[in-house]
Amino acid sequence: MRLFLALIPPPELRRQLGQLGDAAHAPCGGRRIVDDNLHLTLAFLGERSAAEAESLSRWLERQVFGAGQWRLDRWGYFAGPRIIWVGGPGSAELQRRQASLVASLKGFGIVVQPRQFRPHISLLRNASPPPDTDLPKVGLDWSYARVSLVSSVPTPHGSRYTTLAQSRPQDDAFSGK
Ligand code: ATP
Ligand code: MG
């Protein structure tokens, strides 16, 4: 199965991101990613066996990612896959934590591509480049806390995501539960 590690926005933020997707869809076209699938990919793990998914789940459930904030403040475009996204550079802390996940994955024999982490949330696929004007300003703050291990299954209506496991919330770690 296809796996990735991601931060999943809370429903209200997903709704706001979806509204940005709608705003960009008008001038840029393409396929609007449904609200339920909006996420920040931390690491794409590729095709993995059920046994690997199981051991990654057990591992992730013991990890604490650490709470933090991510400021989304810009539109962006990946010309190759024709993806319109919103994002922001992310704090040094977010970069460090993502790098630490990537380092841990090496222990599972998983090498993550691409090397450089550019924090973004894809909103539209197969879209034209965003115009310089006419798009609403992006100004969203996301308080994240837990990483999800997600499996992605292709369907005729796009990929269906299922969360297999999550890292521990920070408080849990301190209370020793
Ligand atoms: P679909 O492929 O149906 O359009 P999707 O891209 O959301 O949907 P997946 O292809 O399973 O679903 O990808 C899951 C996540 O991993 C997405 O965030 C995607 O951008 C990212 N991803 C997919 N392939 C790669 C890759 N080769 N390298 C890095 N990230 C990837
Ligand atoms: Mg894909």
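See the structure shown above.
Now for a quick tour of the structure.

We now examine the sheet that holds strand β10 (residues 158-166). Reading across the sheet, the 4 strands line up as β3-β1-β9-β10 and stay open at both edges, with antiparallel pairing between neighbours. The two strands at the open ends of the sheet, each matched to only one other strand, are β3 (40-47) and β10. Here the strands of the sheet are splayed against their neighbours by 30 degrees on average, with no regard to which way each runs. Strand direction decides the pairing type here: strand β1 (residues 2-7) and β3, joined by 6 bridges, are antiparallel. In the sheet register, L3 faces β3, and the bridge partner there is G46. On the sheet, helix α3 (residues 92-106) packs against β1 and β3 and is oriented at approximately 15 degrees with respect to β3.

Quick look at the site of ligand 1 now. Inspection of the region around ligand 1 gives R2, F4, R31, H39, T41, F44, Q113, P114, R125, S152, S159 and Y161 as its neighbouring residues. Within the side chain of S152, one N or O atom sits 2.6 Å away from an oxygen atom of ligand 1. Elements that contribute at least two residues to the shell around ligand 1 include exactly β1, β3 and β10. Class assignment of the residues belonging to the shell around ligand 1 gives a composition of 4 nonpolar, 5 polar and 3 charged.

On to unusual backbone geometry, then. Unlike most non-glycine residues, R82 shows phi in positive territory, near 55 degrees. Along the chain, R82 turns up in the loop between β5 (74-78) and β6 (83-87). Here R82 falls in the partly exposed class, since its relative accessible area comes to 34%. Phi is positive for N126, close to 55 degrees, though the residue is something other than glycine.

A53, L56, S57, W59 and L60 are the residues of helix α2 (residues 50-60) that are buried. Take α2 and look down its axis: the buried residues cluster within an arc of 160 degrees, on one side only. Residues of α2 that are exposed and angled more than 90 degrees away from the buried face: A50 and A51. Here the buried face of α2 lies against β1, β3, α3, β9 (148-155) and β10.

Take the pairing of β10 next. Where a strand is regular, its side chains alternate between the two sheet faces. Summarising the sheet, β9 and β10 pair through 8 bridges and their orientation is antiparallel. Following the sheet pairing, V153 is matched in β10 by R160. Where β9 folds back onto β10 in an antiparallel hairpin, the turn is made up of 2 residues.

Attention now moves to the packing of aromatic side chains. Considering all chains together, one arrives at 5 aromatic pairs under this definition. Centroid distance F65 to Y144: 5.9 Å. Interplanar angle 55 degrees. Geometry classified as tilted. With F65 in the loop between α2 and β4 (68-72) and Y144 in strand β8 (residues 140-144), this pair connects stretches of sequence that are 79 residues apart. We classify Y144 as buried; its relative accessible area is 3%.

Here the focus is the pairing of β9. Relative to β9, β1 runs antiparallel, the two sharing 5 bridges. Looking at β9, one finds that R2 is bridged to S152.

Here the focus is the environment of S49. Within the secondary structure layout, S49 lies in the loop between β3 and α2. Residue S49 is classed as partly exposed on the basis of its relative accessible area, which comes to 35%. Put simply, S49 and G80 are 31 residues apart on the chain and 29 Å apart in space, counted from C-alpha to C-alpha.

Cut-off values and rules
- Residues numbered from 1 in each chain as written.
- Chains lettered and ligands numbered in written order.
- Predicted model: local features only at pLDDT ≥ 70, side-chain atom pairs only at ≥ 80, totals over all residues.
- Heavy atoms only, no water.
- Pairing = 2+ DSSP bridges.
- Helix = DSSP H or I, 4+ residues; strand = E, 2+ residues; numbered from the N terminus.
- Axes fitted to C-alpha atoms, helices over the stretch in contact; angles between N-to-C directions.
- Contact = heavy atoms within 4.5 Å.
- Near = heavy atom within 4 Å.
- Polar contact = N/O pair within 3.5 Å; in protein donor to acceptor, adjacent residues only side chain to side chain.
- Nonpolar A, V, L, I, M, F, W, Y, C, P; charged D, E, K, R; others polar.
- Buried < 20%, exposed > 50% of the residue type's maximum accessible area, 1.4 Å probe, protein only.
- Arc of directions from axis to C-beta.
- Phe/Tyr/Trp six-rings, centres within 6.5 Å; stacked < 30°, edge-to-face > 60°.

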